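Each chain, letter by letter, is given below.
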There are 2 protein chains.
Amino acid sequence: MSQPDLSYKDKKVISIGTVSELTGLTLRQIRYYEERKLIAPYRNESGTRKYSFTDIETLMDIADKREDGVQTTEILKELRLKEKKRESEMDVKKKMLQGQLNAQFKQGRGRS
Amino acid sequence: MSQPDLSYKDKKVISIGTVSELTGLTLRQIRYYEERKLIAPYRNESGTRKYSFTDIETLMDIADKREDGVQTTEILKELRLKEKKRESEMDVKKKMLQGQLNAQFKQGRGRS
DNA sequence: CGTGTAAGGAATTCTGACACG
DNA sequence: CGTGTAAGGAATTCTGACACG
C-alpha cells in the first residue's frame with residue numbers, strides 16, 4: 001500500500017503570489033475568478049489561499065479565453081464540460097474494473 | 001514543441017510554512033538542513049524560500065534518518081549518492097539516444 | 001550538533017469598498 | 001462585467017543571536 005503520491009499536480013500548496021507569477025494574472029484577477037467559481041483554492045486555517053498546478057493550468061486557460069473576449073460565465077460552462085469529460089474517462093476505468101468484478105461474482109438475479 | 005511541464009515535481013513553488021505542515025518539521029529544522037546543504041530551496045526576489053515536492057520528499061527522508069540518530073553530515077553523503085544514481089540513470093537514457101545518433105551518422109575516423 | 005525561542009522588520013495575503021466603463 | 005487601487009489589519013517569513021546539551 002501507499003502509492004508515492006502521484007497526484008502532486010492536484011495538491012493545493014501554492015500561494016497566490018506565486019500563482020500570479022506563474023500565470024501572469026494579477027492577484028485581483030485570480031481572486032475574481034474564484035468569486036465567479038472558475039477555480040476553488042484551498043483555504044488554510046488562517047484563510048490563505050492555496051492552489052494546485054492543475055489550478056494554474058486552468059487559470060492559464062482562463063487567461064487565454066479572456067483575451068479572446070470570452071466572459072467568465074461562458075468560461076465556467078466550458079470548464080464544467082471538461083469536468084464531465086474527465087469524469088467519464090474515470091468512469092471508463094471504473095467500469096472496466098466493475099465489469100471484471102461482476103464477471104467474477106455474477107449470480108442469477110430476478111428483475112424483481 | 002512545448003511539453004506540458006511534466007516536471008511539476010521539481011518546480012520550486014511551495015513556501016516554508018506549507019512544507020512544515022507537509023513534513024511535520026519545524027521551520028527551524030527546515031532552515032537548518034538548508035544550512036547543512038541537505039536541500040537547496042529557490043529564493044525569490046524578496047528572499048522567500050520556495051520548495052519543490054522533491055524537496056519535500058527529501059525532507060521526509062531526512063526526518064526518518066534523523067529519528068534514527070543519523071547526523072546531517074552522514075545524510076548529506078547518502079543524498080549525494082542518490083544523486084549519482086539518478087544521474088547515471090539519466091545517462092543510460094542519454095546514451096541510448098547517443099547510440100542511435102552515432103549509428104545514424106557514423107563515419108570512419110582516424111585516431112588522429 | 002541540532003533545535004528552541006524571543007526580537008524586529010519586511011513582504012504577503014485578506015477583505016470590503018470605491019472607481020471606471 | 002472585469003479589473004485597478006488605497007486601506008488597515010493579520011499572518012508569514014527572514015535573519016542573527018542567545019540558550020541548552
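Let me sum up the structure you'll find in this document. (Residues numbered from 1 in each chain as written. Chains lettered and ligands numbered in written order. Predicted model: local features only at pLDDT ≥ 70, side-chain atom pairs only at ≥ 80, totals over all residues. Heavy atoms only, no water.)

The subject of this paragraph is the overall build of chain A. The secondary structure content of chain A amounts to 4 helices and 3 strands. Taken from the N to the C terminus, the helices and strands of chain A come in the order β-α-α-β-β-α-α. Classification of the 112 residues of chain A by burial places 30% in the buried group. Long-range pairs, those at least 24 residues apart, make up 56% of the contacts in chain A between residues at least 6 apart in sequence. Accessible surface, chain A: about 8500 Å² in total, of which carbon and sulfur atoms supply 51%. (Helix = DSSP H or I, 4+ residues; strand = E, 2+ residues; numbered from the N terminus. Buried < 20%, exposed > 50% of the residue type's maximum accessible area, 1.4 Å probe, protein only. Contact = heavy atoms within 4.5 Å. Areas by Shrake-Rupley, 256 points an atom, 1.4 Å probe, with all protein chains shown as cover.)

The partner chain B presents 13 residues to the 13 residues of chain A that form the contact. Broken down residue by residue, the surface that chain A buries against chain B is led by Y8(A), V13(A) and F53(A), which jointly contribute 51%. Taken together, chain A and chain B are joined by 0 salt bridges. Where chain A touches chain B, the interface holds 2 residue pairs in polar contact (both at pLDDT 80 or more). Secondary-structure elements contributing two or more residues to the side of chain A that touches chain B are β1 (14-15), α1 (16-23) and α3 (53-67) of chain A. Considering only residue class, the side of chain A that touches chain B consists of 5 nonpolar, 2 polar and 6 charged. (Buried area = accessible area lost by both parts, 1.4 Å probe. Salt bridge = Lys/Arg side-chain N within 4 Å of Asp/Glu carboxyl O. Polar contact = N/O pair within 3.5 Å; in protein donor to acceptor, adjacent residues only side chain to side chain. Nonpolar A, V, L, I, M, F, W, Y, C, P; charged D, E, K, R; others polar.)

Our focus in this paragraph is the relation of the copies chain A and chain B. Mapping chain A onto chain B is achieved by rotating through 180° and translating by 0.1 Å along the same axis, at an RMSD of 0.1 Å. Expressed as an axis order, the relation between the two copies is that of a two-fold axis. For chain A, the smallest separation between a C-alpha atom and the rotation axis is recorded for I14(A), amounting to 2.7 Å. When the interface residues of chain A are mapped onto chain B, 100% of them again fall at the interface, so both copies present the same face. (Least-squares fit on C-alpha atoms with pLDDT ≥ 70 in both.)

Residue and element names in this part refer to chain A. Taken in spatial order, the 3 strands line up as β1-β3-β2 in an open sheet, and their pairing is antiparallel. Among the strands making up the open sheet, the edge pair consists of β1 and β2 (42-43). The sheet contact formed by β1 and strand β3 (residues 49-51) spans 2 bridges and is antiparallel. Counted as the bridge partner of S15 is K50 from β3. (Pairing = 2+ DSSP bridges.)

We now examine the side chain of D55(B). Residues and elements named next belong to chain B. Take D55: it is sitting in helix α3 (residues 53-67). At a separation of 2.9 Å, a polar atom in the side chain of D55 contacts the main-chain amide nitrogen of S52. Those residues in contact with D55 that sit more than four places away from it in its chain are K12 and I39.

Our focus in this paragraph is the nonpolar core. Counting 40 residues, the largest nonpolar core has I30(A), L59(A), I62(A), I30(B) and L59(B) as the members making the most contacts within it. If we skip the residues at most four places from it in the chain, L59(A) touches V19(A), T23(A), L25(A), I30(A), Y33(A) and I39(A). (Core = buried A, V, L, I, M, F, W, Y, C linked by side-chain atoms within 4.5 Å.)

This paragraph deals with the protein's contact with DNA strand D. If you check the shell around DNA strand D, you find 19 residues, and the closest are T26(A), Y32(A), Y33(A), T72(A) and R49(B). Here Y32(A) contributes a side-chain N or O atom positioned 2.6 Å from a phosphate oxygen of DNA strand D. R31(B) places a side-chain nitrogen or oxygen 3.0 Å from a phosphate oxygen of DNA strand D. The set of elements that each furnish at least two residues to the surface near DNA strand D consists of α2 (27-35) of chain A together with α1 (16-23) and α2 (27-35) of chain B. The element best represented in the surface near DNA strand D is α2(A), accounting for 4 residues. Its residues assigned to classes, the surface near DNA strand D comprises 3 nonpolar, 9 polar and 7 charged. (Near = heavy atom within 4 Å.)

With that out of the way, let us pick up the protein's contact with DNA strand C. Residues in contact with DNA strand C amount to 19 residues; listed here are only the nearest, R49(A), T26(B), Y32(B), Y33(B) and T72(B). Listed by contribution, the elements that provide at least two residues to the surface near DNA strand C are α1 and α2 of chain A together with α2 of chain B. No other element matches α2(B), which puts 4 residues into the surface near DNA strand C. Class assignment of the residues belonging to the surface near DNA strand C gives a composition of 3 nonpolar, 9 polar and 7 charged.

A few words now on unusual backbone geometry. You will see that K37(A), though not glycine, has its phi angle at about 70°, which is positive. A relative accessible area of 61% places K37(A) in the exposed class.

Keep in mind these numbers describe shape, not what the thing actually does.
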